[in-house]
Amino acid sequence: MARADDRYNVKEAEARWQQAWRDAGCFEASADPARPKYYVLEMFPYPSGRIHMGHVRNYTLGDVVARFKRARGFNVLHPMGWDAFGLPAENAAMERGVHPAQWTRSNIAAMREQFQPMGLSLDWSREIATCDSDYYRHEQRMFLDFLARGLAYRKESWVNWDPVEHTVLANEQVIDGRGWRSGAPVERRKLAQWFLRITRYADELLDGLETLDRWPDKVRVMQANWIGRSEGAYVRFPLKDCPLKDCDESVEVFTTRPDTLFGASFCAISPQHPLAAGYAARDPGLKDFIAECDRMGVSEAVIETAEKKGYATGAFVLHPFIPGAELPLYVANFVLMEYGTGAIFGCPAHDQRDMDFARAHGLEVRPVVAPRGVDADGFAKDLAAASEAFAEDGVLIRSGFLDGLGVADAKRAAIERLAADGTGRGSIQYRLRDWGVSRQRYWGCPIPIIHCDSCDAVPVPEADLPVLLPDDVIFEGAGNPLERHPTWKHVPCPVCGAPARRETDTFDTFFESSWYFARYCSPKDTGAFARAAVDTWLPVDQYIGGVEHAVLHLLYARFFTRALRDCGYLSVSEPFAGLFTQGMICHETYKGPQGEWLEPERVRRNDDGAWVRVEDGAPVTPGRSEKMSKSKKNTVDPSRIIESYGADAARLFMLSDSPPDRDLEWSDAGIDGAWRFLHRLWRLAAQPALPLPPADAPEPTSLGRSAASLRRSAHKTIAAVTEDLEKLRFNTAVARLRELANALGNLDPADDGAAWVYRFSLDALLRLIAPMTPHVAEEMSRLLGNGGLIAQSPWPEADPALLVDDTVTVAVQVNGKLRGTIDLPAGASRETAEAAALSLPAIQALAAGKTIRKVVVVPDRIVNVVL
Ligand code: ANZ
Ligand code: ZN
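As the structure is a prediction and not an experimental result, all values here were calculated from the model.

Peer 1: It is not clear to me how the overall build of the chain should be interpreted in this structure. Could you clarify?
Peer 2: Across its full length, the chain carries 26 helices and 36 strands. Seen through its principal axes, the chain has C-alpha atoms that stretch 105 × 85 × 65 Å. Burial status across the chain gives 54% buried among its 867 residues. Of the contacts formed within the chain by residues at least 6 apart in sequence, a portion of 73% connects residues at least 24 apart. Counting every atom, the chain has about 37900 Å² of accessible surface; 50% of that belongs to carbon and sulfur. Distance between charge centroids for the chain: 2 Å, based on 100 positive and 118 negative side chains.

Here it is, written out as structure tokens:
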């Protein structure tokens, strides 16, 4: 009959250890001035209802950091919650008649159940859901504080309108001109919206990036580009004989290249520019053109990818530097109303977009910058006929008073002249726009404002906060159910008492995710934060999530933290001291006989190598490996994997196969391999090669050769894995631990001290692997007879003396030529080295009959005998 410890019962053991951790309250954090704090956070999940492999990777990475830091003596905060507002809940309400609150709650419950068997070291006592009024009530207060400080305001603005979802989309939610969820082409509309003044912090957000030395460079670059600071100038081009009444007689443009003014060949204004409307009133063709532009989104992405189109207004502007020179004025779809002045001058020779435009409209190309050291006239002639602009640095030509200057100097000189003439001035522009936070949706935090015909937009008085979402809403038809609620929006004006209307828009859900990390510090506080708690725990030391949040969420949170700081809520400026962005999980894709996507579990490979559909043997075409997605059906359900292999195997595979910032290729072979390794580890403890001494047995005074070598490997592994985990190099850490496991297998049991070293090394191994595969580590520790929980044990320490090799190989040279080697104790004296070298037979043969003039010793490296 098999003994009970013949086989590792993964399921039973994992559940048992999870219970033990819960019973011991291992992961509940409380402030402790005696220990340094460490705040680990993974981006909180949206409660869609099921966890996916991306979650498993994200939370596993964070869990390793949390467990590692805990063992290293830090007081670790590792909380969890739910980003619970948002459209899918409302869509579910419309499609299935279930209330968004109920849909969200049951999804949260289901996902909490699914996370449970992963063995994550989370402090569930701090769980939050952003759809709780206990959470969102605080952001109504924050918003009113922002309003009082001018950090929030209302303005009519052009918005991206999703005609299917009936909501405004942020620029970032418009992808290739389409709504990110609906896929419908986005339209332009004008609406009164609430904005947060993120632009007030543009410089601070940009400068702050310099301090974030534990952020990936690519994310910092993306944020810097998003903020898009450019130094340039405003330049006024007077209109020639403007036919319109009340026109302000000039077109002001923003340019970053005032040095190229002599190369200007046209000006263009945005379709939304006030002058465009004026011309359109007299020109039906222009009116149609503008209407066509309006059907396109307002986002930069749309405008950048759309075909560049323009319409000649028939008007002309005058060149600010060249007397008598006239430039045609166009309305062009690529000029954004929200950037600069909504007007540009075009210099085709030195800007590709302008070049394309010039070629399409038969405009002149006038080169004014040439590379240094080329024949300027020849260069200019070629460029004037070319289709590619020259955007690099060089020397100014054909530019009057700018001739001979470099681009930077020419910019300065041009700005000076414009200022002197009163036709322009230097200026700094940002690409960053204020953040529109109004959404025409039900399932979000109500904006605490009441609209009164006489008093305008009035803040909801403090005593009336929070404004709760009504439960009794009907989800039929498009648009915002709050708008259609029979009573909710009808309230008296807090100022004059007249009948007034509540704001029916709710906040963009990025509002909630902009401060949740701070709420975790004191999740039950009656205010937004307990000041002492946020001062203790913030900033987050290690934040982990997908790179898709590089600009949106991460920039909003950085802004919000500063806004909260300025409103007196907290003291830090940067919310996330360290950021790690994990790679995606990929899987091969499969197509069935009709070209339809097939799930991996519905295909298999025949012995002859052909792929077929499991149910009927129909031929299957395997395709490229791609990011796991529902649309391509190449997903693997984490719960099924954990059910059959256990959490440790899933975690280990996630960590071992590729560096965590790279994409990971999911494979059955990979998860099998992880499973086998864990069982091997377990056997090292359950069926040890030799009887194990007790935990407190003294270290033997002398060790045999293989025992000494294993002890050294163990210490080296401790040092190396510690450094790997510090640097989040989980895959190399696992590789080293596999090596140590192999080394354990190579121990000679007959060696002096073998049993002690075996136990010591196995104990080190299980402690080192514990952050990654915590269950099997606890189980091994129990088998070794250790008391207590590994989850509450300190990290092993390497003995520095054992990190240096005890023998070194020293080269022996005669007159600088290699003649042999000797093995010496590391750090051996010069005399020892010299004596050993001279006793080598090869050296004695060479030195026979000669005088040794000198012996040069480089300790631990070379002995050179000079004859
Ligand atoms: C003339 C010029 C000549 C330009 C040249 C560039 C190269 P960044 O660097 O991103 O700030 N521009 C200005 N306002 C615009 C608007 N509302 N919509 C679209 N384009 C606009 O870009 C600044 C440059 O983008 C400006 O410099 C302007 O074109 C254009 F050889 O002015 B430039
Ligand atoms: Zn009023």
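From this point, the discussion proceeds with the structure in view.
Peer 1: Looking at this model, I keep getting lost on the packing of helix α21 (residues 705-726) against helix α22 (residues 730-745). Mind explaining?
Peer 2: Pairs of packed helices are described in terms of their axes, by the angle between the two and the distance that separates them. Where α21 contacts α22, the two axes come as close as 9 Å, and the packing angle between them is 170 degrees. The orientation of α21 relative to α22 falls into the category roughly antiparallel. Residue-level contacts link Leu710, Ser713, Ala714, Thr717, Ala720, Val721, Asp724 and Leu725 of α21 to Phe730, Thr732, Ala733, Arg736, Leu737, Leu740, Ala743 and Leu744 of α22. Of the residues in the contact of α21 with α22, the class split is eleven nonpolar, three polar and two charged.

Peer 1: In this structure, what is going on with the coordination of the zinc ion (ligand 2)? I would like to understand it.
Peer 2: A metal bound by six donors in octahedral fashion has ideal angles of 90 or 180 degrees, whereas one bound by four tetrahedral donors has an ideal angle of 109.5 degrees. Coordination of the zinc ion (ligand 2) by the protein comes from Cys452 (SG), Cys455 (SG), Cys493 (SG) and Cys496 (SG), over a distance range of 2.2 to 2.3 Å. Bound by four donor atoms, the zinc ion (ligand 2) shows angles of 105 to 114 degrees at the metal and therefore tetrahedral coordination geometry. Sequence spacing of the donor residues for the zinc ion (ligand 2), all on one chain, is C-x2-C-x37-C-x2-C. Given a relative accessible area of 6%, Cys452 falls into the buried group. Judged by relative accessible area, which is 25%, Cys455 ranks as partly exposed.

Peer 1: Explain the packing of helix α19 (residues 647-656) against helix α20 (residues 668-686) to me, please; I cannot follow it from the model alone.
Peer 2: Between α19 and α20, the least distance of the axes is 8 Å, while the angle of their chain directions is 120 degrees. By the angle class used here, α19 and α20 are oblique. Remark: the crossing between α19 and α20 carries right-handed chirality. Residues Asp648, Ala649, Ala650, Leu652 and Phe653 of α19 lie in contact with α20, whose contacting residues are Gly670, Ile671, Ala674, Trp675, Phe677 and Leu678. Split by residue class, the contact of α19 with α20 holds nine nonpolar, one polar and one charged.

Peer 1: Explain the pattern of salt bridges to me, please; I cannot follow it from the model alone.
Peer 2: Oppositely charged side chains can pair when the atoms bearing their charge come close. Enumeration according to the criterion identifies 48 salt bridges in this entry. Taking the shortest distance from any N to any O, the salt bridge between Arg16 and Glu12 comes out at 2.5 Å. A residue pair is termed a helical-turn pair when its members lie 3 or 4 positions apart in one helix, as Arg16 and Glu12 do in helix α1 (residues 10-24) at four residues. Given the relative accessible area of 30%, Arg16 is considered partly exposed. Notably, a salt bridge pairs Arg257 with Asp259, separated by 3.0 Å at the nearest N-O pair. Of the residues examined, Arg257 reaches a relative accessible area of 17% and is grouped as buried. Within the structure, one salt-bridge network assembled from shared partners comprises Glu204, Arg558, Arg562, Arg565, Asp566 and Glu574.

Peer 1: Quick question: what am I supposed to make of the site of ligand 1 here?
Peer 2: Around ligand 1 lies a shell of 18 residues, among which Ser230, Thr255, Leu336, Tyr339 and Arg431 are the nearest. Note that an oxygen atom of ligand 1 is positioned 3.0 Å from one of the backbone N or O atoms of Thr256. For ligand 1, a nitrogen atom lies 2.7 Å from a polar atom in the backbone of Leu336. For ligand 1, whose free accessible area comes to 640 Å², the fraction covered by protein is 88%. Elements represented by at least two residues in the shell around ligand 1 include exactly β11 (250-255) and β15 (343-346). Classifying every residue of the shell around ligand 1 by side-chain character gives eight nonpolar, six polar and four charged.

Peer 1: What is the right way to look at the sheet that holds strand β32 (residues 664-665) in this model?
Peer 2: Sheet strands pair by backbone hydrogen bonding; their relative direction is either parallel or antiparallel. Strand order in the open sheet formed by three strands is β31-β28-β32, and the pairing between neighbours is mixed. Where the open sheet ends on each side, the last strands, each with one partner, are β31 (621-627) and β32. Of the pairings in the sheet, the one linking strand β28 (residues 585-591) to β32 comprises two bridges and is parallel in character. Directly across from Cys586, in β32, lies its bridge partner Glu665.

Peer 1: Would you mind going over unusual backbone geometry with me for this structure?
Peer 2: The phi angle of most residues is negative, glycine excepted, and most peptide bonds adopt the trans form. Cis peptide bonds are those with omega within 30 degrees of zero, and the linkage from Leu465 to Pro466 qualifies with -5 degrees. Among the structural elements, Pro466 can be located in the loop between β22 (456-459) and α14 (481-484). In the segment running from Leu538 into Pro539, the intervening peptide bond is cis, with an omega of 0 degrees. With a phi angle near 50 degrees, Asn815 is a residue other than glycine that sits in the positive phi range. The residue Asn815 is located in the loop between β33 (807-814) and β34 (817-825) in this model.

Peer 1: Mind showing me how you'd approach the environment of Leu564 here?
Peer 2: Within the fold, Leu564 resides in helix α17 (residues 552-566). Along the primary structure Leu564 and Asp145 are separated by 419 residues, whereas in three dimensions their C-alpha atoms are 8.9 Å apart. Ignoring sequence-local partners within four residues, the contact set of Leu564 consists of Met142, Phe146, Trp515, Phe529, Tyr569 and Leu570.

Peer 1: I tried to follow the state of the cysteines on my own but got confused; where do I start?
Peer 2: Here, the word disulfide means a covalent bond between the sulfur atoms of two cysteines. With the rule as written, the count across this model stands at zero disulfides. No disulfide involves Cys521; its sulfur sits 18 Å from the nearest other cysteine sulfur, which is in Cys567. What makes Cys521 buried here is its relative accessible area of 5%. Cys567 carries a free sulfur, and the closest cysteine sulfur to it, the one in Cys445, is 16 Å from it.

Peer 1: Please explain the packing of aromatic side chains as it appears in this structure.
Peer 2: Pairs of aromatic rings are described using the distance from one ring centre to the other and the angle between the two planes. Taken as a whole, this structure holds 46 aromatic pairs when the rule is applied. Considering the side-chain rings of Tyr516 and Tyr520, the 5.6 Å spacing of their centres and the 70 degrees angle between planes classify their relative orientation as edge-to-face. For the residue pair Tyr516 and Tyr520, the accessibility class agrees, reading buried in each case. The residue whose ring lies beneath Arg188 is Trp158, and the NZ or CZ to ring-centre distance is 4.2 Å. The ring of Phe401 is capped by Arg417, whose NZ or CZ atom sits 3.9 Å from the centre of that ring.

Peer 1: Can you walk me through the sheet that holds β22 in this structure?
Peer 2: A sheet is described by the order of its strands in space; here four strands give the open sequence β22-β21-β24-β23, paired in antiparallel fashion. In this open sheet, the two edge strands, each paired with only one partner strand, are β22 and β23 (490-492). When strand polarity is set aside, the average angle formed by the axes of neighbouring strands in this sheet is 40 degrees. Pairing analysis gives two bridges linking strand β21 (residues 449-452) to strand β24 (residues 499-502), with the strands arranged antiparallel.

Peer 1: How should I be thinking about the environment of Trp443 in this particular structure?
Peer 2: If you trace the backbone, Trp443 turns up in the loop between β20 (438-439) and β21. For the pair formed by Trp443 and His99, sequence separation is 344 residues and the distance between their alpha carbons is 9.9 Å. If we skip the residues at most four places from it in the chain, Trp443 touches Ala84, Phe85, Gly86, Ala89, Glu90, Pro100, Ala101, Thr104, Cys131 and Leu469.

Peer 1: Would you mind showing me how to read the pairing of β24 here?
Peer 2: When a strand is regular, its side chains alternate between the sheet's two faces. In this structure, β23 lies alongside β24, joined through three bridges in antiparallel fashion. When the sheet's bridge partners are listed, His490 is paired in β24 with Arg501. Hairpin connection between β23 and β24: a loop of six residues separates the two successive antiparallel strands, and Gly497 in this loop has a positive phi of roughly 85 degrees.

Peer 1: Quick question: what am I supposed to make of the environment of Arg412 here?
Peer 2: Along the chain, the position of Arg412 falls in helix α13 (residues 407-421). Sequence spacing of Arg412 and Lys37 is 375 residues, and the spatial spacing of their C-alpha atoms is 50 Å. At 2.7 Å, the side chain of Arg412 forms a polar contact with the side chain of Asp409.

About the criteria used
Residues numbered from 1 in each chain as written. Chains lettered and ligands numbered in written order. Predicted model: local features only at pLDDT ≥ 70, side-chain atom pairs only at ≥ 80, totals over all residues. Heavy atoms only, no water. Helix = DSSP H or I, 4+ residues; strand = E, 2+ residues; numbered from the N terminus. Buried < 20%, exposed > 50% of the residue type's maximum accessible area, 1.4 Å probe, protein only. Contact = heavy atoms within 4.5 Å. Areas by Shrake-Rupley, 256 points an atom, 1.4 Å probe, with all protein chains shown as cover. Lys, Arg positive; Asp, Glu negative; His and termini not counted. Charge placed at Lys NZ, Arg CZ, Asp CG, Glu CD. Axes fitted to C-alpha atoms, helices over the stretch in contact; angles between N-to-C directions. Parallel < 35°, antiparallel > 145°, perpendicular 65-115°, else oblique. Nonpolar A, V, L, I, M, F, W, Y, C, P; charged D, E, K, R; others polar. Donors = N, O, S within 2.8 Å, 3.2 Å for Na, K, Ca; no water. Tetrahedral: all angles 85-135°; square planar, octahedral: opposite > 155°, others 65-115°. Left-handed = near helix turned anticlockwise from the far one by under 90°. Salt bridge = Lys/Arg side-chain N within 4 Å of Asp/Glu carboxyl O. Near = heavy atom within 4 Å. Polar contact = N/O pair within 3.5 Å; in protein donor to acceptor, adjacent residues only side chain to side chain. Pairing = 2+ DSSP bridges. Disulfide = S-S within 2.5 Å. Phe/Tyr/Trp six-rings, centres within 6.5 Å; stacked < 30°, edge-to-face > 60°. Lys NZ or Arg CZ within 6 Å of the ring centre and 35° of its normal.

Function cannot be inferred from these measures alone, as they are strictly geometric.
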